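The primary structure of each chain is shown beneath.
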Amino acid sequence: MTFEQMLDKVRYEGAYPTREQAEEAVRLVVSGLGRQLTGEERVELAAHLPWEAARILTEQIPDTQPLTGWAFVKDLATRSGASLATTRWDTGSVLAAVSASACPELLTRILRQLPTGYALLFGRAELTQAA
């Protein structure tokens, strides 16, 4: 997938009126994801993304304290100045395109690394272990 194809997918998924709005969402969400991912999963995801998106992801310094999915959305909303609802929409639209770039096995490993709440953001069911 090229970066332009990724933007088109995000624009379609998110019903953005312009490619520029889709690109703003991609930059916001992918940079946020870059602050959450570490290790091999981060490197592998970057290898699956278009070069421009991979650069956005890898330019970020991972946070020392990972955020839950909801805290991730709230952090992005604070950074962008957008509402929580808009940011949640942006996040889902972008992470759907990220999911399309990554193989299912990699996405599963990414979700295992992240705190709770990210599966729904990636368009997957949030599964929990039985106690």
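Residues numbered from 1 in each chain as written. Predicted model: local features only at pLDDT ≥ 70, side-chain atom pairs only at ≥ 80, totals over all residues. Heavy atoms only, no water.

S.K.: Outline the overall build of the protein, supporting the account with residue identities and numerical values.
M.R.: A tally of regular secondary structure across the protein gives eight helices and zero strands. Helices (α) and strands (β) of the protein occur, in sequence order from the N terminus, as α-α-α-α-α-α-α-α. Against the globule reference of 14 Å for 131 residues, the protein gives a C-alpha radius of gyration of 14 Å, in line with a compact fold. Counting across all 131 residues of the protein, residues that qualify as buried make up 44%. Of the roughly 7,000 Å² that the protein leaves accessible, carbon and sulfur atoms contribute 56%. Charged side chains in the protein number 13 positive and 16 negative. The centres of these two groups are separated by 3 Å. (Helix = DSSP H or I, 4+ residues; strand = E, 2+ residues; numbered from the N terminus. Rg over C-alpha atoms; globule rule 2.2 N^0.38 Å. Buried < 20%, exposed > 50% of the residue type's maximum accessible area, 1.4 Å probe, protein only. Areas by Shrake-Rupley, 256 points an atom, 1.4 Å probe, with all protein chains shown as cover. Lys, Arg positive; Asp, Glu negative; His and termini not counted. Charge placed at Lys NZ, Arg CZ, Asp CG, Glu CD.)

S.K.: So what about helix 3 (residues 39-48)? Which residues, and what values?
M.R.: An α-helical segment advances 3.6 residues per turn. Residues three or four places apart therefore align on the same side. Within helix 3, burial applies to Glu-41, Arg-42, Leu-45 and Ala-46. End-on view of helix 3: buried residues confined to an arc of 130°, all on one side of the axis. Facing away from the buried side of helix 3 by more than 90 degrees, the exposed set consists of Glu-40, Val-43 and Ala-47. For helix 3, the secondary structure elements touched by its buried residues are helix 2 (19-34), helix 4 (51-58), helix 6 (84-101) and helix 7 (104-113). (Arc of directions from axis to C-beta. Contact = heavy atoms within 4.5 Å.)

S.K.: Let's hear about helix 1 (residues 3-14): which residues, and what values?
M.R.: In this model helix 1 runs 16 Å from its N-terminal to its C-terminal C-alpha over twelve residues, within 8% of the 16 Å that 1.5 Å per residue would give. Of the positions making up helix 1, those classed as buried are Phe-3, Met-6, Leu-7, Val-10 and Gly-14. Projected down its long axis, helix 1 shows its buried positions confined to an angular sector of 100°, all on one face. Tucked inside the fold, the buried residues of helix 1 contact helix 2, helix 4 and helix 6. In the stretch just after helix 1, Ala-15 is the one whose phi turns positive, near 55°. (Expected span 1.5 Å × (residues − 1).)

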